[in-house]
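What the coordinates show
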Amino acid sequence: MKVRKATLKDLQKVKALNQELFYYDHNKFDSTMDTTWPSKNPDYYTKRIRGKNALVLVAEEEGKIIAYLIASLIKGESWKKIKEMAELENMMVIKEFRGHGIGTALIKEFITWAKSKGAKRAKVVASAQNNEAVAAYRMNAFVVYRLTLERKLCKHYYSIADR
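Description of the structure in this document. Only a predicted model underlies this, so the values are computations on that prediction, with no experimental measurement involved.

Turning to the nonpolar core, a few remarks are in order. With 36 residues, the main nonpolar core has Tyr-68, Leu-69, Leu-106 and Phe-110 as its most contacted residues. With 7 residues, strand 3 (residues 64-75) is the largest single contributor of residues to this core.

Okay, here's the thing in structure tokens:
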């Protein structure tokens, strides 16, 4: 398995994996997610691949992309002392390749990149019910730092947590 920076040649595969992630999260954890977002925002991927303050990694096995990670540098909240942060925006490992350290390898590269860019903290947001993802992030030294709670106010939208 090889981890490398994505290029524009990888754009369609990264978009397809991100779309798969959106469907998975929508169906399993949060039906309020807009599954059309990936197709409506093609510039998101191009900007992340080309951006100097962004990172897109892919993991390959025998020339096939089996995982990706997208991250960027962000500003910390105005009320915090730490302003230089990096955010792991989204990541997915194809199901049959999970549990083999691929996610950890991607996260390790992300952390190295974030430090090289001067970030003082790294963050990731995951659905609270996504135990597999939360466990993977915890295994890579992420801890619960802040907790966001939501309450539905109408009948039309719900998440798995509302059931």
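A few words now on the side chain of Arg-4. Summarising the element assignment, Arg-4 is placed in strand 1 (residues 2-5). A distance of 2.7 Å separates polar atoms of two side chains, one belonging to Arg-4 and the other to Asp-10. The contacts of Arg-4, once residues within four sequence positions are left out, are Asp-10, Val-56, Leu-57, Val-58, Glu-60 and Ile-65.

The buried fraction of strand 4 (residues 84-93) amounts to 8 of the 10 residues, a majority that puts the element mostly inside the structure. Pairing analysis gives 9 bridges linking strand 3 to strand 4, with the strands arranged antiparallel. Bridge pairing links Ser-72 to Glu-87 in strand 4. As paired strands, strand 4 and strand 5 (residues 121-124) are joined by 4 bridges and run parallel to one another. Along strand 5, the bridge assignment pairs Glu-87 with Lys-123.

As a further point, take the sheet that holds strand 1. The strand order 1-2-3-4-5 describes an open sheet built from 5 strands, whose pairing is mixed. This sheet does not close on itself; its edge strands, each paired only once, are strand 1 and strand 5. The average angle at which neighbouring strand axes cross in this sheet is 25°, direction not considered. Bridge count for strand 1 against strand 2 (residues 54-61) is 4 bridges, and the pairing is antiparallel. Its bridge partner being in strand 2, Lys-2 is matched across the sheet by Glu-60. Sitting on the sheet, helix 1 (residues 11-28) is in contact with strand 2, strand 3 and strand 4, with an inclination near 80° to strand 3.

A few words on the environment of Thr-32. Within the secondary structure layout, Thr-32 lies in the loop between helix 1 and helix 2 (37-40). Here the side chain of Thr-32 touches Asp-30 through a polar contact of 2.4 Å, side chain to side chain.

Where helix 1 contacts helix 3 (residues 42-50), the axes come no closer than 10 Å and their chain directions differ by 125°. As judged from the angle between their axes, helix 1 and helix 3 are oblique. Taken as a pair, helix 1 and helix 3 cross one another with a handedness that is right-handed. Contacts from Leu-11, Val-14, Lys-15 and Asn-18 in helix 1 reach Pro-42, Tyr-45, Thr-46 and Ile-49 in helix 3. Broken down by class, the residue content of the contact of helix 1 with helix 3 amounts to 5 nonpolar, 2 polar and 1 charged.

Thresholds applied
- Residues numbered from 1 in each chain as written.
- Predicted model: local features only at pLDDT ≥ 70, side-chain atom pairs only at ≥ 80, totals over all residues.
- Heavy atoms only, no water.
- Core = buried A, V, L, I, M, F, W, Y, C linked by side-chain atoms within 4.5 Å.
- Buried < 20%, exposed > 50% of the residue type's maximum accessible area, 1.4 Å probe, protein only.
- Helix = DSSP H or I, 4+ residues; strand = E, 2+ residues; numbered from the N terminus.
- Polar contact = N/O pair within 3.5 Å; in protein donor to acceptor, adjacent residues only side chain to side chain.
- Contact = heavy atoms within 4.5 Å.
- Pairing = 2+ DSSP bridges.
- Axes fitted to C-alpha atoms, helices over the stretch in contact; angles between N-to-C directions.
- Parallel < 35°, antiparallel > 145°, perpendicular 65-115°, else oblique.
- Left-handed = near helix turned anticlockwise from the far one by under 90°.
- Nonpolar A, V, L, I, M, F, W, Y, C, P; charged D, E, K, R; others polar.

Nothing here speaks to function; it is geometry throughout.
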